[in-house]
Amino acid sequence: MDFNLDWLLATDYKAPGNFLLIFSILFAGIFLRYLALAWVYHEWVYKKLGDTMPYRRLHQQVRLPQVKKEIWYSFLGGLIFAFAGVVLLILWQSGLTQLYTRLSWWDLIWIPASYFLALFIHETYYYWLHRWMHQPKVLRHFHHIHHNSLYTSSFTSFSFHPIEAGLQAIFLPILILVLPMHFFVLIALLLTMSITAVINHSGIEVYPEGAQRNLLFRWMVGATHHDQHHLKYRCNYGLYFTFWDVWMKTEDLGFSKRFEEHTRSGEVE
């Protein structure tokens, strides 16, 4: 069975006019998605849930000047991610990628398997990239932009120096050159990246009490885990999962205690 995307690939995106058109469409979608998701999560989770369960808040609401800077750097990052998106389309259109749309019975196994394999590869790439970005000279030159947000909010999720945004943006175009991937998996990865980034920077813990004793949740990065990274710098480098931090002994020793304090009523640090 085919998921017909001939209409999407019928246009020559290397032509300057078409390149600018699809670039503008992708940028608008990326940046507006960021604004909408960040705002909704901040208003309905940080504020509404935080008012009901204040012990889940990791810190107080950030100030407007910080949010304005984060939105500006997210705007710049959106331009870079949109450019990467057009490059991805051109590679796909040129037949250079492993991206496909035809569904077969094999995809009942391969679609979930390729999704989790892509997450593992991305986690590995990001963990080691992130550790490199904490080298003093690298941190000083561009990664400090993200860390200027000592206390994070959902608007911090996309706030990167353009160089860092570029290093993140190249991942998917390179991955689809080598990993067979259905179009649905590509969309699922993009959604996962957006949602987890907002959750991890939101400043409020949403994972359930006892998650650290759960076989699934134990290995997932959440707001408390990533907040420790922004507060202490030299720990908790993970993106989606904690296993590299655990294996490399870079997980903050006080993380579990702080997590429990922010998921138990009446026990705020």
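This text follows the structure it describes.
Residues numbered from 1 in each chain as written. Predicted model: local features only at pLDDT ≥ 70, side-chain atom pairs only at ≥ 80, totals over all residues. Heavy atoms only, no water.

(A) Quick look at the packing of helix α5 (residues 136-147) against helix α6 (residues 162-169). Two elements in contact, α5 and α6, have axes whose closest approach is 8 Å; the angle formed by their N-to-C orientations is 85°. Regarding the angle of α5 to α6, the classification is roughly perpendicular. Seen from α5, the contacting residues are Phe 142, His 143 and His 146; seen from α6, they are Ile 163, Glu 164 and Leu 167. Of the residues assigned to the contact of α5 with α6, the class counts are three nonpolar, two polar and one charged. (Axes fitted to C-alpha atoms, helices over the stretch in contact; angles between N-to-C directions. Helix = DSSP H or I, 4+ residues; strand = E, 2+ residues; numbered from the N terminus. Parallel < 35°, antiparallel > 145°, perpendicular 65-115°, else oblique. Contact = heavy atoms within 4.5 Å. Nonpolar A, V, L, I, M, F, W, Y, C, P; charged D, E, K, R; others polar.)

(B) Spotlight on the packing of aromatic side chains. Under the definition given, this model contains 25 aromatic pairs. Taken together, the aromatic side chains of Phe 120, Tyr 127, Trp 128, Tyr 237, Tyr 240, Phe 241, Phe 243, Trp 244 and Trp 247 make up a single cluster linked through ring pairs. Looking at Lys 48, its charged tip hangs above the ring of Trp 44, at a distance of 5.5 Å from the centre. A cation sits over an aromatic face here: Arg 57 above Tyr 46, 4.8 Å from the ring centre. (Phe/Tyr/Trp six-rings, centres within 6.5 Å; stacked < 30°, edge-to-face > 60°. Lys NZ or Arg CZ within 6 Å of the ring centre and 35° of its normal.)

(C) Quick look at empty space enclosed by the protein. With the rule as written, the count across this model stands at one cavity of 30 Å³ or more. As a volume, the largest cavity reaches approximately 30 Å³. Lining the largest cavity are Tyr 207, Ala 211, Gln 212, Phe 217, Met 220, Gly 222, His 225, Phe 255 and Phe 259. (1 Å grid on protein atoms, 1.4 Å probe; cavity = no way out; pocket = protein on both sides within 12 Å on 5 of 7 lines; lining within 4 Å. Points joined across faces, edges and corners; volume = space filled by probe spheres on them.)

(D) Focus on the pattern of salt bridges. This model, assessed by the stated rule, comprises nine salt bridges. For Arg 213, the salt bridge identified is with Glu 260, shortest N-O distance 3.6 Å. Placement of Arg 213 in the loop between α8 (183-201) and α9 (223-232) and of Glu 260 in helix α11 (residues 255-261) is noted, with a sequence separation of 47 residues between them. Classification of Glu 260 by relative accessible area gives buried; the value is 12%. For Glu 251, the salt bridge is made with Arg 218, and the minimal N-O distance between the two is 3.0 Å. With Glu 251 in the loop between α10 (243-247) and α11 and Arg 218 in the loop between α8 and α9, this pair connects stretches of sequence that are 33 residues apart. Take Glu 251 and Arg 218: they sit in the same class, and that class is buried. (Salt bridge = Lys/Arg side-chain N within 4 Å of Asp/Glu carboxyl O. Buried < 20%, exposed > 50% of the residue type's maximum accessible area, 1.4 Å probe, protein only.)

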